[in-house]
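Coordinates in review
Below, each chain spelled out in residue letters.
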Amino acid sequence: MTNSPVNDQEPAFIEVGEGNTGRRIAVRVRTGGSPGLIWLGGFKSDMTGTKALALEAWAVEHGRACVRFDYSGHGESGGTFIDGTIGRWLEESVAVFEQFCRGPQVVIGSSMGGWMALLLAREIARRQISQASLAGLVLIAPAPDFTEQLMWNGFPEEVQEEIRSKGVWMRPSQYGDPYPITRALIEEGRNHLLLGSAIDVGCPVRILQGAQDPDVPWQHAFALAHRLPTDDVVLTMIQDGDHRLSRPQDIARIISAVAEIG
């Protein structure tokens, strides 16, 4: 693929899962130099958001490879959102990394994508993936364990009971229509919790967190930083920053963190 203007090419598609669990995942890939970039988006977001496109534009300008994709039930990918779980979306992240990434990679994860990035790092080590490696992680308002700590533990008893009994609760959203929180999302998420022990990712980590974030409290970012190795981990607190961190000055900070890694 050529380095033509951002987001003008049609996505490639890969199949992830088998039988009834199979889904078609949309991926956009631009070839270029190393370290490459791979974008892991947030819960109910897609690969055409402001941050993702800004990072790809930077990659194109600097001749760097860049990979973006949509989780199942998001954006241009197949599947339905209500069927999504952390494990399913992680399986898709690993499949995209294995099939499209070559050489050192800077993994940029936003919100849920921050959790995905940490889980991906663990899977890369477990599977001994050799064709691509981690140059570093850039985590934007990272939300590891959010299904448990930021959702379930904060839900009133009546909401918890509705999820247990009906299997789903429609959660109001300030960003649009209500969306489903399923029992499967909560229960399966417990298989991937990270904050109860040390997290060894084996590469530099840069965390950017807004102090005014209503969705992922800044304390959550501190808890994560304390679980990471002490060497080469930098947490940047943006005092007037919100959850999205999509303002021009926020984008500049994100790009600076990516460039600092390499």
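Refer to the structure above for everything that follows.
In this text the structure is predicted, and so the values were computed from the model without any measurement. (Residues numbered from 1 in each chain as written. Predicted model: local features only at pLDDT ≥ 70, side-chain atom pairs only at ≥ 80, totals over all residues. Heavy atoms only, no water.)

Let's shift gears to the environment of S110. Considering the arrangement of structural elements, one finds S110 in strand β5 (residues 103–110). Note on S110: relative accessible area 8%, which makes it buried. (Helix = DSSP H or I, 4+ residues; strand = E, 2+ residues; numbered from the N terminus. Buried < 20%, exposed > 50% of the residue type's maximum accessible area, 1.4 Å probe, protein only.)

This paragraph deals with the packing of aromatic side chains. This model, assessed by the stated rule, comprises 10 aromatic pairs. Ring centres of F69 and Y71 lie 5.4 Å apart, and the angle between their planes is 90°; on these two criteria the pair is classed as edge-to-face. Three or more aromatic residues joined by ring pairs make a cluster, and in this case those are F43, F69, Y71, F81, W89, W115, F146 and Y179. Against the face of F81 rests K44, its NZ or CZ located 4.3 Å from the ring centre. When the ring centre of W152 is taken as reference, the NZ or CZ atom of R190 above it lies at 5.5 Å. (Phe/Tyr/Trp six-rings, centres within 6.5 Å; stacked < 30°, edge-to-face > 60°. Lys NZ or Arg CZ within 6 Å of the ring centre and 35° of its normal.)

With that settled, consider the sheet that holds β5. Here 8 strands make up an open sheet; going across it, the order is β1-β2-β4-β3-β5-β6-β9-β10 and the pairing mixed. Two strands lie at the open edges of the sheet, namely β1 (12–16) and β10 (233–238), each paired on one side alone. Each neighbouring strand pair of the sheet contributes to a mean axis angle of 25°, computed without reference to strand direction. Note that strand β6 (residues 132–140) and strand β9 (residues 205–210) share 4 bridges and pair parallel. For I140, the partnering residue across the bridge sits in β9 and is L208. (Pairing = 2+ DSSP bridges. Axes fitted to C-alpha atoms, helices over the stretch in contact; angles between N-to-C directions.)

This part is about the packing of helix α2 (residues 86–100) against helix α3 (residues 112–127). Running from N to C, α2 and α3 point in directions that differ by 60°, and their axes come no closer than 10 Å. As the angle between them shows, α2 and α3 are arranged oblique. Classified by chirality, the crossing of α3 by α2 is right-handed. Only M112, W115, M116, L119, L120, E123, I124 and R127 of α3 make contact with α2, whose side of the interface consists of I86, W89, L90, S93, V94, F97 and E98. Split into classes, the residues belonging to the contact of α2 with α3 amount to 11 nonpolar, 1 polar and 3 charged. (Parallel < 35°, antiparallel > 145°, perpendicular 65-115°, else oblique. Left-handed = near helix turned anticlockwise from the far one by under 90°. Contact = heavy atoms within 4.5 Å. Nonpolar A, V, L, I, M, F, W, Y, C, P; charged D, E, K, R; others polar.)

For the rest of this paragraph, the subject is helix α5 (residues 157–166). Those residues of α5 that fall on the buried side of the exposure criterion are V159, Q160 and I163. Considered in projection along α5, the buried side chains sweep an arc of 100° and stay on one side of the axis. Away from the buried face of α5 by more than 90 degrees, exposed residues E158, S165 and K166 are located. Elements in contact with the buried residues of α5: β7 (168–173), β8 (176–182) and α6 (183–189). (Arc of directions from axis to C-beta.)

Turning our eyes to something else, we now look at α2. In an α-helix, one full turn covers 3.6 residues, which means residues spaced three or four apart are oriented alike. With 15 residues, α2 should cover 21 Å at 1.5 Å per step; its first-to-last C-alpha distance of 21 Å lies within 8% of that length. With 11 of its 15 residues buried, α2 lies for the most part within the structure. Every buried residue belonging to α2 is among I86, G87, R88, W89, L90, E92, S93, V94, A95, V96 and F97, and all of these are buried. (Expected span 1.5 Å × (residues − 1).)

So, on to the environment of L40. Examined against the element boundaries, L40 turns out to sit in strand β3 (residues 33–40). Expressed as a C-alpha distance, the spacing of L40 and W115, which sit 75 residues apart in the sequence, is 9.3 Å. If we skip the residues at most four places from it in the chain, L40 touches F69, Y71, S93, V107, I108, G109, S110, G113, M116, A117 and L120.

Within the fold, Q160 resides in helix α5. Taking relative accessible area as the criterion, Q160 reaches 12% and is therefore assigned buried. For Q160, the contacting residues outside a window of four places in its chain are W152 and F155.

Another aspect to go through is the side chain of E92. Within the secondary structure, E92 sits in helix α2. A distance of 2.5 Å separates a polar atom in the side chain of E92 from a polar atom in the side chain of R23. When neighbours within four sequence positions are excluded, E92 is seen to be in contact with V16, R23, I25, F69, Y71 and S72. (Polar contact = N/O pair within 3.5 Å; in protein donor to acceptor, adjacent residues only side chain to side chain.)

Right, let's get into the nonpolar core. Formed by 59 residues in total, the largest nonpolar core has its most connected members in F43, L137 and I181. Looking at this core, the element that brings in the most residues is α3, giving 9 residues. Among the nonpolar cores identified, the runner-up in size contains 21 residues, and C66, I108, V138 and I238 belong to it. (Core = buried A, V, L, I, M, F, W, Y, C linked by side-chain atoms within 4.5 Å.)

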